[in-house]
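Per-entry structural report
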Amino acid sequence: MLSMESVTKTYAHRGRLVVALKGATLDVPEGDFVSVVGPSGSGKSTLLLMLGGMLSPSEGQITLDGQALYELSSDDRAQLRREKIGFLFQTFNLVPYLSAMENVQVPLFLSGADEADQEKRARELLERVGLGDRLDHKPSELSVGQQQRVALARMLANDPAIILADEPTGNLDPATTREVVKFLLELNNEGRTIVMVTHAPDAAKQTKRTVRLADGSIVEDGNVGSGAGCENDEPSRNKNA
C-alpha cells in the first residue's frame, strides 16, 4: 500500500547541510500497524510527513497504491490525502474557536459534503469516541484527553484507509494513552493501515511491527510487538524529529 524506496531528505540550516533521512526503504502493506521509534532528531516525523505526501524527498520515491506521490501536483496530492489518509498529531491541531462538532465537520466541509451529512457524521464519530455529551464544547472547555478524542473523531471524518499518527499520546496521561492506543488497535482490526511515531515503549509493543530509526537511517525493522529498541529511547522534550 505505502512504500518508500531509497529515500533521502536533506535541507540547509545555517549554512550547513542537514540529512534528516538517509536512504530509507520501507514497505507498509495494507492492514499493517507499524510503530516508528528512535531518539529525537532521528528522522521519525520527517519519514511520516513524506509518507503522507506533505514533504517531498530529495532523492528516492514514495508510492501509495502504486502511484508515485511526488509525481502528482500539489493539488492532486491534497485530494489524495483527503480521500485516503487521516492524520493524528500530538498537539491535536483543533481550531480553538470551533466546537467539537464543528472541528470534526471541517474535513467533511472541505470534501464537499452537505451540511446535514456533515452534522450526522460528526455526531456519530463524537459519540463513538465517548463525547456525545460534549458536541458544543470548544477545545478550551475540554480536557487534554477529550481534545485528543475530538482529534481522533476528526481524523476519521472522511473514513481514511491509512492513519498516520505523530506522537498521538505524547501529551496524555498513562490511562488516556491506553485508551488512545486501544482505539487505534480497533481501527487497525477494522482493516485500516496505521503508521505511528511514538516514544512510548508500551504503545510500540502493541503494534504488529516496529521500525527503529537512528541518525536518519532505518536500523531495525521488527515483527509483532518487537518494540525494537524503544525501551532505550529517552523522553523527548523536543518533538521536532
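Notes on the structure follow. (Residues numbered from 1 in each chain as written. Predicted model: local features only at pLDDT ≥ 70, side-chain atom pairs only at ≥ 80, totals over all residues. Heavy atoms only, no water.)

Things to note about the packing of helix α3 (residues 100–110) against helix α5 (residues 144–155)
Put simply, the rule reads: The convention used is that axes are lines fitted to C-alpha atoms, helices contributing only their stretch in contact, and that angles between N-to-C directions extend from 0 to 180 degrees. Secondary structure is summarised from DSSP: a helix means a run of H or I of at least four residues, a strand means a run of E of at least two, and numbering begins at the N terminus for each. Geometric relationships in this document are graded by angle, where less than 35 degrees denotes roughly parallel, more than 145 denotes roughly antiparallel, 65 to 115 denotes roughly perpendicular, and other angles denote oblique. Crossing handedness is defined as follows: a turn of the near helix away from the far one that is anticlockwise and smaller than a right angle gives a left-handed crossing, while the clockwise case is right-handed. The criterion used for residue contact is that any of the two residues' heavy atoms lie within 4.5 Å. Charged means Asp, Glu, Lys or Arg here, nonpolar means Ala, Val, Leu, Ile, Met, Phe, Trp, Tyr, Cys or Pro, and polar covers whatever is left, Gly included.
Viewed as axis vectors pointing N to C, α3 and α5 meet at an angle of 30°, and their least axial separation amounts to 8 Å. With respect to α5, the axis of α3 lies roughly parallel. Crossing hand, α3 versus α5: right-handed. Every residue of α5 that contacts α3 at Ala-100, Asn-103, Val-104 and Pro-107 is listed here: Val-150, Ala-153 and Arg-154. The residue makeup of the contact of α3 with α5, split by class, is 5 nonpolar, 1 polar and 1 charged.

Quick notes on the packing of α3 against helix α4 (residues 115–128)
Viewed as axis vectors pointing N to C, α3 and α4 meet at an angle of 125°, and their least axial separation amounts to 9 Å. Judged by the inter-axis angle, α3 sits oblique to α4. Handedness of the α3/α4 crossing: right-handed. Counting all contacts with α3, which are made through Ala-100, Met-101, Val-104, Gln-105, Leu-108 and Phe-109, the residues of α4 involved are Gln-118, Glu-119, Arg-121, Ala-122, Arg-123, Leu-125 and Leu-126. Considering only residue class, the contact of α3 with α4 consists of 8 nonpolar, 2 polar and 3 charged.

With respect to the sheet that holds strand β6 (residues 85–89)
To keep it simple, the criterion reads: The pairing criterion is simple: DSSP has to find at least two bridges between the two strands.
The 6 strands are arranged β6-β7-β8-β3-β9-β10 in an open sheet whose pairing can be described as mixed. Edge positions in the open sheet fall to β6 and β10 (217–221), since each of these has one partner strand only. This sheet shows a mean twist of 20° between the axes of neighbouring strands, independent of strand direction. Pairing between strand β3 (residues 33–37) and strand β9 (residues 209–214): 4 bridges, direction parallel. What sits directly across from Val-36, in β9, is Val-211.

Observations concerning helix α2 (residues 74–84)
Side chains that are three or four residues apart share a direction in an α-helix, a result of its 3.6 residues per turn. Let me state the cut-off plainly: Each residue's exposure class comes from its accessible area (1.4 Å probe, protein chains only) as a fraction of the maximum for that residue type: buried when under 20%, exposed when over 50%, partly exposed otherwise. The arc in question is the one traced by the directions running from the helix axis out to the C-beta atoms.
Along α2, the positions that sit buried rather than exposed are Arg-77, Ala-78 and Leu-80. End-on, the buried residues of α2 take up no more than an arc of 160°, which puts them together on one face. The elements touched by buried residues of α2 are β4 (59–64) and β6.

Details of the environment of Pro-160
Within the fold, Pro-160 resides in the loop between α5 and β7 (162–166). Considered as a pair, Pro-160 and Glu-83 are 77 residues apart in the sequence and their alpha carbons are 6.5 Å apart. In this view, Pro-160 contacts Lys-84, Ile-85, Gly-86, Met-155 and Arg-192; residues no more than four positions away in its chain are not counted.

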